[in-house]
Amino acid sequence: MAIIGPVQQKNMGPPHSRIDGRAKVTGAAPYASDFAVGRPAYAYFVTSSIARGRITGFDMAAAGQVPGLLDILTYETMRGAVKKPTFFAGGGYAGTTIRPLDGPEIFHDGQIVAVVLADSYESAREAAYKVKVTCQAEQPAATFGSAGATTEDAADAKGHEDPAVGDIAAGLAAASATVDADYATPTQHHNPIELFTTTCAWTGDKLTVYEPSQIVHGLKHGVAEQLGIPPDHVRIVSPFVGGAFGSKASVTPRTALAAIAARCLGRPVKLVLTREQGFSVATYRAETRHHLRLGADADGKFTALSHEAWEVTSRPDSYLVAGTDTTARLYACPNVFTKVHLVHVDRNTPGFMRSPPEVPYLFPLECAIDEVAEKLGLDPIELRRRNDTMKEPIGGLPYTSRSLMECFDQAAESFGWARRSAAPASMRDGDWLIGWGCASTCYPTALAPATARVILWKDGRVKVETAAHDLGTGAYTALAQVAAERLGVPVGQVTIALGDSDLPPSPVAGGSITTASVSSVIAKACDAIRAKLGVNDSALIDPGIRVAGFERLGVALVQEYAEFAPHGAKPEGIDKLYAGLSTLKGGAMLEDRIQYAFGAEFVEVRIHARTREIRVPRVHGAFAAGRIVNPKTAHSQLMGGLIWGVSSALHEATEMDLGTARYINDNFADYLVPVNADIEDVSVILVPERDTQVNPLGIKGLGELGNVGTNAAVANAVYHATGRRIRELPIRLEKLLA
Amino acid sequence: MRPFIFERATSPESAIAAFHADRATSFLAGGTTLLDLMKLDVVRPERVIDINALGANEIEISEDRLRLGASVRMADAEAQEELRRRVPMLTQSLALAASTQLRHMATLAGNVLQRTRCPYFRDVSWSACNKRLPGSGCAAMAGFNRQHAVLGASDACIATYPSDFAQALIALDATVDVVGRRGRRQLPFAKLHVPPGRTPEVETTLAPDELILGFEMPIEPWMSRSLYLKIRDRDSYEFALASAAVALEVDGGAVRQARIALGGVAAVPWRAREAEQALIGRVLDEASCQLAADIAFAKAQPREHNAYKPLLGRQTVARALLQAAAMEA
Ligand SMILES: Cc1cc2nc3c(=O)[nH]c(=O)nc-3n(C[C@H](O)[C@H](O)[C@H](O)COP(=O)(O)OP(=O)(O)OC[C@H]3O[C@@H](n4cnc5c(N)ncnc54)[C@H](O)[C@@H]3O)c2cc1C
Ligand code: SF4
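Residues numbered from 1 in each chain as written. Chains lettered and ligands numbered in written order. Predicted model: local features only at pLDDT ≥ 70, side-chain atom pairs only at ≥ 80, totals over all residues. Heavy atoms only, no water.

Once the domains are mapped, chain B shows domain 1 (5-53) and domain 2 (225-325). Between domain 1 of chain B and domain 2 of chain B, the C-alpha centre-to-centre distance is 36 Å. (Domains from an automatic or database assignment.)

Listed below in structure tokens is the structure:
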């Protein structure tokens, strides 16, 4: 396994190991369900086994006999108990507006239909198994093409604006090479290793919720809304999160149920969903369909891009990712048409999953570019070079920085792309067909308002307090590095408190905004401390200067609270943040400019000539994302991203029983992710880049940059190996047989 | 999981004595199948008899015979250097199964008695599964059946038999050593499992109280030309989409004896005897291997999502035969 180690280059901080690493590997780091609460009761959900219909009755006789059973909650006793939530994608908190235990109606497979409460987890589970639910089932619509699915224009449903420019018909007519094809991406579930857990404990009318969260202030307000209590009666504790990928970024119905159960029983309640239940109680990446048309002239300049897409969502909610906001602007092209449709079916409501718009939407575009390149007899890197641009084509806005081609050059060099023979099925190693493919990746550089409190003691200790989140990404470490550098102390002297709604609010750990947004506010607070100590803006601060400053002030500590609002933010951004709402600004959402991080990814596949199994011995990616605070954790994020990307191309797909609209492989034995044996050489190259506009520190997010475009790079490599274009993911061996 | 009575047996006799005919009783070996299914509520024993301490964990290799105790862990059998050399198919079928952790727990008898991975069987919220609830129907028939069987299945059940090791046993003409209330007996491994027919809930010819004590088989010098080829969605920790256990005795370029067993495609451990016959006296080349592969899948009955399996199966058999032919015996 050749891994290029992270080294400090221009505009990068020092590579630093995780400051919480030891606590994590020794088990000392408390995850939400690790918190001890006095004598808890245990909750276990009974979920629906139909996707559409009505509950007609419960038989609790057998369950009632289980020793240790305390209570069973159903809609018959709970109707109205959980208040109507506001939908997160409509400026609210909840991942679904389907209210739990609010009536007999079933909206999707795996909907919560009863909460069994008992003295032990085992009793609760046993009783749950013995609850009999009878239903009147109706024929559900599972996905695209199912009877009963309803389609609407996303522009009508969500006020989405379809980016467009020029005249698409004229552009296509002017093309000397065109691709006109349909593509599909599958349903996927986040499957973080840490399950969805909730522990609720009341003290009087004050509620403490221990729950892994990507947005503790949002969860606080969301739970208050669901319970109809004041938000300041709710505290969320979530210092460590065992993976989230978007699945812990909106409020699920479970939290309110655990809170109500704890109130009813007068004792704390612990809830740990099973892996299976996580598939339907939380959100997922919905499947998408695309019709893409791309034309280029004989010089390889794009003349037309038309990207029409369809996304699945639930009956009541309109969740939309609309990645055309990105694909319309990625390359120079005078004529662009886009359109997005939502297809409502009888499923749980989808939600963000790592790079929500970019993963499914770059797939068709980056595959089509490969096809056009082949038709023109051009190298696919060269085709991208000819359409590289510092101005996005829709509004003509300038990119703040864009190192796409530097990334291609460095990754191509590392991968050995020059040795590729261009013809499909022309590279072989014995019985193995070899294919090399590449694709672009990009991810919007967004930021959100953030707040933080920083305390500096005379002896050089620093404490940073902000309700940001470390999902395993390394946020603790990166943020400590920012404070340490700013205040001139070693990283080891900085303690960071995150993941608690009693701390000053920070935005959602989503959209790759944490490092840029939270570093910015920490730097601001540090600068205020420096100013108090009489250190001017650019000077270095050393222990001597620090102590002198303290002595002059005659204090033992200096504390500063700061608020940061990014470029383009509205004045009410901080108020919204205090209300648990993150207002992301950046990417393609600005009026005066456009800001993205870029990268290039190269994949080698080996496909057995006879049995057609596909293996990926090499993945190389080069990425540029402004200032890199910690090359080590950045490297980990990007490496994990590349593996995700391979997974999204070859392994991951939530299978469905189409007749019943139910998930089939809702467990880790059947939901495939790559294992070590599947992943050999993963090389991550960090390309130095300076961006003076995105924020004062010049940081772009990169957590969601690595896993975009990889699916297309794999598909392009599969084509190169076999001469077959597979336009529907995942690429399983049966698609290459015969 | 539901409450159950737990007992520990220290000898085969005490295990059989602890067996209760009037109660759902299960023997517990490594537990990697049984405990999963209990947690999933698929099997609900009222009594569990731990057989980990009853012995039956010896491996005996002689000049011409091999005996593997029922309680031998997969990892221990796989690690036998001599076996790797003399019957590579056998150790490969173990090494390519499950994960290292599982193989350290899982026993050989447990392995051959593991239950199908059919998702409709393993999730009790599906109401139609003839194997789990006789007479309830088969949800897989019109459902998601990508991993299901194309050989030996029936209209009542198309579940795939999942074990890799069993393919080596059936290919090697192993016998099974069994003891129960009515005494000890030996039966050919090929007679241990029964095709689903109209009673897919009946999977073996063992009486409920019968314990497997071990497996025996002849070893012949030519078996060093054998291998287990497993095709799957990822490179480790995954069941076969198709697999082939093959062994060849070649004499002067022509096949004297061939053994072919198929995993991932059939409802029970599957010996492709007609395909074996077709190879006898032939030189192993592309044509003869393809012919054998075609014969092996001549009676395949694919469904909607496993329509690829006959072709994949044929390619797997052909590839395995050609690879074995190229081995140095
Ligand atoms: C994630 C996962 C992946 C896997 N992948 C593979 C794979 O790729 N290939 C493969 O072949 N297998 C695979 N397996 C299955 C695994 O090999 C079996 O679960 C294991 O071999 C069972 O052995 P055990 O000792 O744990 O059996 P147990 O779970 O203890 O028992 C299984 C059954 O056999 C019965 N039993 C056990 N011993 C005896 C005996 N001596 N006499 C009579 N009855 C007995 C038990 O009562 C029970 O019904 C996988 C399992 C898992 C969980
Ligand atoms: S294939 Fe067999 S095990 Fe699967 S659902 Fe049908 S009857 Fe049950």
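Turning to the site of ligand 1, a few remarks are in order. Residues and elements named next belong to chain B. Residues in close proximity to ligand 1 total 33 residues, the closest being Phe27, Gly31, Thr33, Thr107 and Asp164. A distance of 2.7 Å separates an oxygen atom of ligand 1 from a polar atom in the side chain of Thr107. At 3.5 Å from an oxygen atom of ligand 1 is found a main-chain nitrogen or oxygen belonging to Glu238. Protein burial of ligand 1: of its 970 Å² of free accessible surface, 93% is covered by the chains. Here the residues of the shell around ligand 1 sort into 18 nonpolar, nine polar and six charged. (Near = heavy atom within 4 Å. Polar contact = N/O pair within 3.5 Å; in protein donor to acceptor, adjacent residues only side chain to side chain. Areas by Shrake-Rupley, 256 points an atom, 1.4 Å probe, with all protein chains shown as cover. Nonpolar A, V, L, I, M, F, W, Y, C, P; charged D, E, K, R; others polar.)

All names here are of chain A. Split into domains, chain A comes out as domain 1 (1-30 + 391-445 + 588-738), domain 2 (33-350) and domain 3 (448-586). Using C-alpha coordinates to define each centre, domain 1 is positioned 26 Å away from domain 2. With 38 residues of domain 1 at the interface, the matching set in domain 2 holds 44 residues. Between domain 1 and domain 2, the buried area comes to about 3400 Å², and carbon and sulfur atoms account for 61% of it. For the pair domain 1 and domain 2, the interface holds two salt bridges. Between Asp109 and Arg662 there is a salt bridge whose closest N-O contact spans 3.0 Å. Where domain 1 meets domain 2, there are 16 residue pairs in polar contact (both at pLDDT 80 or more). (Contact = heavy atoms within 4.5 Å. Buried area = accessible area lost by both parts, 1.4 Å probe. Salt bridge = Lys/Arg side-chain N within 4 Å of Asp/Glu carboxyl O.)

Moving on to the sheet that holds strand 2 (residues 25-28) of chain B. Residue and element names in this part refer to chain B. One open sheet holds the three strands; their spatial order is 1-3-2, and the pairing between them is parallel. Sheet topology places strand 1 (5-8) and strand 2 at the edges, where each strand pairs with a single neighbour. Along the sheet, successive strands turn relative to each other by an average axial angle of 25°, direction set aside. Two strands pair when backbone bridges link them, and strand 2 and strand 3 (residues 47-50) are joined in this way by four bridges, in the parallel orientation. Directly across from Ser26, in strand 3, lies its bridge partner Val48. (Pairing = 2+ DSSP bridges. Helix = DSSP H or I, 4+ residues; strand = E, 2+ residues; numbered from the N terminus. Axes fitted to C-alpha atoms, helices over the stretch in contact; angles between N-to-C directions.)

Take the pattern of salt bridges next. Residues and elements named next belong to chain B. Scanning all chains against the criterion turns up 69 salt bridges over all chains. As a salt-bridge pair, Arg84 and Glu81 come within 3.8 Å of each other at their nearest N and O atoms. With Arg84 and Glu81 both in helix 4 (residues 81-86), this residue pair falls three residues apart, about one helical turn. The closest approach of N and O atoms between Asp251 and Arg256, which form a salt bridge, is 2.5 Å. Judged by relative accessible area, Asp251 falls into the partly exposed class, the value being 43%. With relative accessibility at 47%, the residue Arg256 sits in the partly exposed group. What you see here is one network of salt bridges that share partners, running through Glu58, Arg65, Arg67, Asp177, Arg184 and Glu216. (Buried < 20%, exposed > 50% of the residue type's maximum accessible area, 1.4 Å probe, protein only.)

Okay, the site of ligand 2 next. Inspection of the region around ligand 2 gives 14 residues, with B:Cys118, B:Cys129, B:Cys138, B:Cys157 and B:Ile158 positioned closest. For the shell around ligand 2, the per-class residue count stands at 11 nonpolar, two polar and one charged.

Contacts between the two partners involve 36 residues from chain B and, on the opposite side, 33 residues from chain A. Between chain B and chain A, a total of about 3000 Å² is buried, with carbon and sulfur atoms accounting for 54% of that surface. Broken down residue by residue, the surface that chain B buries against chain A is led by B:Trp126, B:Arg234 and B:Arg319, which jointly contribute 21%. At the boundary of chain B and chain A, one finds four salt bridges. Contributions of two or more residues to the side of chain B that touches chain A are made by helix 10 (286-296) and helix 11 (309-325) of chain B. Considering each element in turn, the side of chain B that touches chain A owes the most residues, seven residues, to helix 11 of chain B.

Another point: empty space enclosed by the protein. Applying the stated criterion across every chain, the model contains 11 cavities of 30 Å³ or more. When its volume is computed, the largest cavity comes out at roughly 410 Å³. As for the largest cavity, its lining consists of 26 residues, and the residues nearest its centre are A:Asp670, B:Arg146, B:Gln147, B:Glu238 and B:Leu241. A class-by-class count of the residues in the lining of the largest cavity yields 13 nonpolar, six polar and seven charged. (1 Å grid on protein atoms, 1.4 Å probe; cavity = no way out; pocket = protein on both sides within 12 Å on 5 of 7 lines; lining within 4 Å. Points joined across faces, edges and corners; volume = space filled by probe spheres on them.)

Take the packing of aromatic side chains next. In the structure shown here, the tally under the stated rule is 28 aromatic pairs over all chains. Taking the centre distance of 5.8 Å and the plane angle of 85° together, the rings of A:Phe302 and A:Tyr331 count as edge-to-face. One end of the pair, A:Phe302, is in strand 14 (residues 302-313); the other, A:Tyr331, is in the loop between helix 10 (324-327) and strand 15 (336-344), and 29 residues separate them in sequence. Summarising the burial analysis for this pair, A:Phe302 and A:Tyr331 share the class buried. For the ring pair B:Tyr120 and B:Trp126, a centre distance of 4.7 Å and an interplane angle of 75° mean the geometry is edge-to-face. The burial state of B:Tyr120 is the same as that of B:Trp126; both residues are buried. In this structure, A:Arg461 is placed above the aromatic ring of A:Trp457, and the distance from its NZ or CZ to the ring centre is 4.5 Å. (Phe/Tyr/Trp six-rings, centres within 6.5 Å; stacked < 30°, edge-to-face > 60°. Lys NZ or Arg CZ within 6 Å of the ring centre and 35° of its normal.)

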